[in-house]
Amino acid sequence: MKRVVVGCAINLLLLVLTAYPLCLPQRRFPAGKYLKWFFMANMLFSGGMIPAYVLMRQYGLFDSFWSLILPGAVPLWNMILMINFFRNVPYELNESATMDGANPWQVLFRIYVPLSVPSLACLLLFQFVGHWNSYFDGLIYINDTAKQPLQTYIYQLSVRIDFSTMRTDEILTLLQTSDKTLQSAKVFVAMIPILAVYPFIQKYFTVGMTLGAVKG
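Overview of the structure. Keep in mind that what you see is a predicted model, and the values were worked out from it rather than measured.

## A few points about the overall build of the chain
Piece 1. Looking only at helices and strands, the chain has 11 helices and zero strands in total.
Piece 2. In sequence order, the chain lays out its α and β elements as α-α-α-α-α-α-α-α-α-α-α.
Piece 3. The buried share of the chain, taken over its 216 residues, is 33%.
Piece 4. Of the accessible surface of the chain, which amounts to about 13,600 Å², a share of 66% is contributed by carbon and sulfur atoms.

See below:
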């Protein structure tokens, strides 16, 4: 749960800070077009798992909580959605606030963010599900079992069973247990937090998904 809370907070903060300058007209932020191509290239072309593994080792992030957060701190696809959401905010509000003496931070957090609550709730749900269901990064970056995410631990329960430490009756009970039972238990555990969070943001979900989808 710590990963979900910290990860979602960092993701949303960086999404907002990245999407705001990129949604501005080119005359206000000329470097925006170059940054857009930079992010697009990173979204289309990836270095792969081995360079990421070497990078985490060189930074000393092995067995660190931050190895689960920093590599995906700025989800690029969600950043594109956030840019489109911000573009639906009338730019005249930005100009009016600037003329009244508001600085870019005030414009962002007092105008754009409050008007984009549905989109932020939608992206929050995406990030929540992504962090909660992620298990592979914990499998390759975290060797200490006590620090592994819940999904990584559940995955290892189903694929790594040490029979040498089990009693005979425990082995017999395990052999009599259907794989479907274990898979169903994993699905149930994974769904609990989603079911707990979704009712609170469901009212924003439809608006957030459709906002920015149609240009008039």
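## Quick notes on a nonpolar patch on the surface
Piece 1. The grouping of Trp 37, Met 40, Met 43, Leu 44, Phe 45 and Trp 77 at the surface amounts to a nonpolar patch, some 750 Å² of accessible area in total.
Piece 2. Within the fold, Phe 45 resides in the loop between helix 2 (32–44) and helix 3 (49–58).

## Quick notes on the side chain of Gln 127
Piece 1. Inspection of the secondary structure assignment puts Gln 127 in helix 7 (residues 117–133).
Piece 2. Judged by relative accessible area, which is 10%, Gln 127 ranks as buried.
Piece 3. Once you skip the residues sitting within four places of it in the chain, Gln 127 turns out to touch Cys 8, Asn 11, Pro 75 and Asn 78.

So, how was this worked out
Residues numbered from 1 in each chain as written. Predicted model: local features only at pLDDT ≥ 70, side-chain atom pairs only at ≥ 80, totals over all residues. Heavy atoms only, no water. Helix = DSSP H or I, 4+ residues; strand = E, 2+ residues; numbered from the N terminus. Buried < 20%, exposed > 50% of the residue type's maximum accessible area, 1.4 Å probe, protein only. Areas by Shrake-Rupley, 256 points an atom, 1.4 Å probe, with all protein chains shown as cover. Patch = residues over 30% accessible without salt bridge, like charges linked within 9 Å, V, L, I, M, F, W, Y side chains within 5 Å. Salt bridge = Lys/Arg side-chain N within 4 Å of Asp/Glu carboxyl O. Contact = heavy atoms within 4.5 Å.

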